[in-house]
Amino acid sequence: MSLPTPTLHTERLRLRPFTDADADALYALHSNADVLRYWDSPPWSEPARAQRFLAACRQMADEGTGARLAMDRISDGAFVGWCVLSRWNPDYRSAALGYCLTEAAWGQGYATEAAHALLMWAFDTLDLNRVQAETDTRNVASARVLEKLGFVREGTLREDCVVNGDVSDSWVYGLLRREWRTLLRVSSSPA
């Protein structure tokens with residue numbers, strides 16, 4: 001079953017399907033060792049990886065397992081990263097959330113803003129009951145993003161990643177539909 005990749009808008013961002021024109025920006029993002037410091041794979045060393053990434057995005061949409069969206073800043077059209085809803089399982093009504101931002105976009109709330117829009121779409125369109133996310137235990141900024149979105153830390157995956165000989169743990173977070181709805185009601189009610 002195909003899953004149409006949406007185009008979503010927030011106050012400051014446009015989330016859209018990737019195109020082949022994004023290859024250079026993707027390579028710049030994923031070849032940056034600082035950006036991938038807490039990632040589950042080493043930085044890219046060959047530009048051809050961007051084309052494989054783009055093919056994987058198309059395959060994910062064609063197979064109906066998720067949607068990966070490029071993030072552009074509305075004010076100047078600059079590519080600031082991407083977010084993804086992956087491992088969509090309609091039987092379990094579950095999926096996984098992820099994101100990756102350029103170093104210049106860190107600390108500006110873009111990850112929270114983009115993930116919020118993607119979660120709105122996912123809970124409404126896909127009738128999800130649960131969204132899961134994982135982050136390296138050293139990535140405090142990513143943990144804060146998830147907690148701002150209402151995710152609850154559920155546990156630790158011990159030594160689940162080994163990248164270039166560096167062993168790390170990951171925190172597992174979950175967000176349930178009922179928690180998401182409560183969060184939306186609380187945030188939209190007058191003070």
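See the structure above.
A. Inspection of the packing of aromatic side chains at higher detail. Applying the stated criterion across every chain, the model contains six aromatic pairs. Aromatic pair F18 and F79: ring centres 6.4 Å apart, planes at 55 degrees, arrangement tilted. Of this pair, F18 sits in the loop between β2 (13-17) and α1 (23-30) while F79 sits in strand β4 (residues 79-89); the two residues are 61 residues apart in sequence, bridging distant segments of the chain. Classification of F18 by relative accessible area gives buried; the value is 12%. Measuring from ring centre to ring centre gives 6.0 Å for W39 and W82, while their planes differ by 90 degrees; the resulting arrangement is edge-to-face. Of this pair, W39 sits in the loop between α1 and α2 (48-63) while W82 sits in strand β4, and the two are 43 residues apart along the sequence. Of the residues examined, W39 reaches a relative accessible area of 26% and is grouped as partly exposed. Ring-pair connections join several aromatic residues into one group, and the members of that group are F18, W39, W44, F53, F79 and W82. Above the face of the W82 ring, R68 is positioned so that its terminal group lies 4.8 Å from the ring centre. Its end group placed over the ring of W171, R153 keeps NZ or CZ at 3.7 Å from the ring centre.

B. Summary view of helix α3 (residues 110-125). Taking 1.5 Å per residue, 16 residues should reach 22 Å; α3 reaches 22 Å between its end C-alpha atoms and fits that length. α3 sits mainly inside the fold: 12 of its 16 residues count as buried. Within the span of α3, buried status applies to Y110, A111, T112, E113, A114, A115, A117, L118, L119, W121, A122 and F123. Backbone geometry just downstream of α3 places D127 in the positive-phi region, at approximately 55 degrees.

C. Representation of the environment of W88. Along the polypeptide, W88 turns up in strand β4. C-alpha separation for the pair W88 and L149, spaced 61 residues apart in sequence, amounts to 19 Å.

D. How the structure looks around the pairing of strand β6 (residues 130-136). As paired elements, strand β5 (residues 94-101) and β6 share three bridges and run parallel to each other. Its bridge partner lying in β6, A96 is registered against Q132. Relative to strand β8 (residues 166-176), β6 runs antiparallel, the two being bridged by seven bridges. By the bridge assignment, R130 is partnered in β8 with L176.

E. Up close: the environment of D34. Following the sequence through the fold, D34 ends up in the loop between α1 and α2. Under the relative-accessibility criterion, D34 is labelled partly exposed at 40%. Taking the C-alpha atoms as reference points, D34 and T102, 68 residues apart in sequence, are found 9.5 Å from one another. The contacts of D34, once residues within four sequence positions are left out, are E103 and W106.

F. Quick peek at the nonpolar core. Core analysis: the largest hydrophobic core is formed by 39 residues, its most contacted members being L15, L85, L97, L119, W121, L128 and F151. Of all the elements in the fold, those that place two or more residues in this core are β2, β3 (67-73), β4, β5, α3, β6, α4 (140-148) and β8. At 10 residues, α3 tops the list of elements feeding residues into this core. Filtering out sequence-adjacent residues up to four positions away, L119 remains in contact with L97, V131, L149, F151, L175 and W180. Counting residues in each nonpolar core, the second largest holds 17 residues, with A23, V35, M60 and F79 among its members.

G. Region of interest: the pairing of β4. Taken across its 11 residues, β4 has nine buried, putting it largely inside the fold. Relative to β4, β3 runs antiparallel, the two being bridged by six bridges. Along β4, the bridge assignment pairs R68 with V84. The antiparallel hairpin formed by β3 and β4 contains five residues in its connecting segment, where G77 sits at a positive phi of about 75 degrees.

So, how was this worked out
Residues numbered from 1 in each chain as written. Predicted model: local features only at pLDDT ≥ 70, side-chain atom pairs only at ≥ 80, totals over all residues. Heavy atoms only, no water. Phe/Tyr/Trp six-rings, centres within 6.5 Å; stacked < 30°, edge-to-face > 60°. Helix = DSSP H or I, 4+ residues; strand = E, 2+ residues; numbered from the N terminus. Buried < 20%, exposed > 50% of the residue type's maximum accessible area, 1.4 Å probe, protein only. Lys NZ or Arg CZ within 6 Å of the ring centre and 35° of its normal. Expected span 1.5 Å × (residues − 1). Pairing = 2+ DSSP bridges. Contact = heavy atoms within 4.5 Å. Core = buried A, V, L, I, M, F, W, Y, C linked by side-chain atoms within 4.5 Å.

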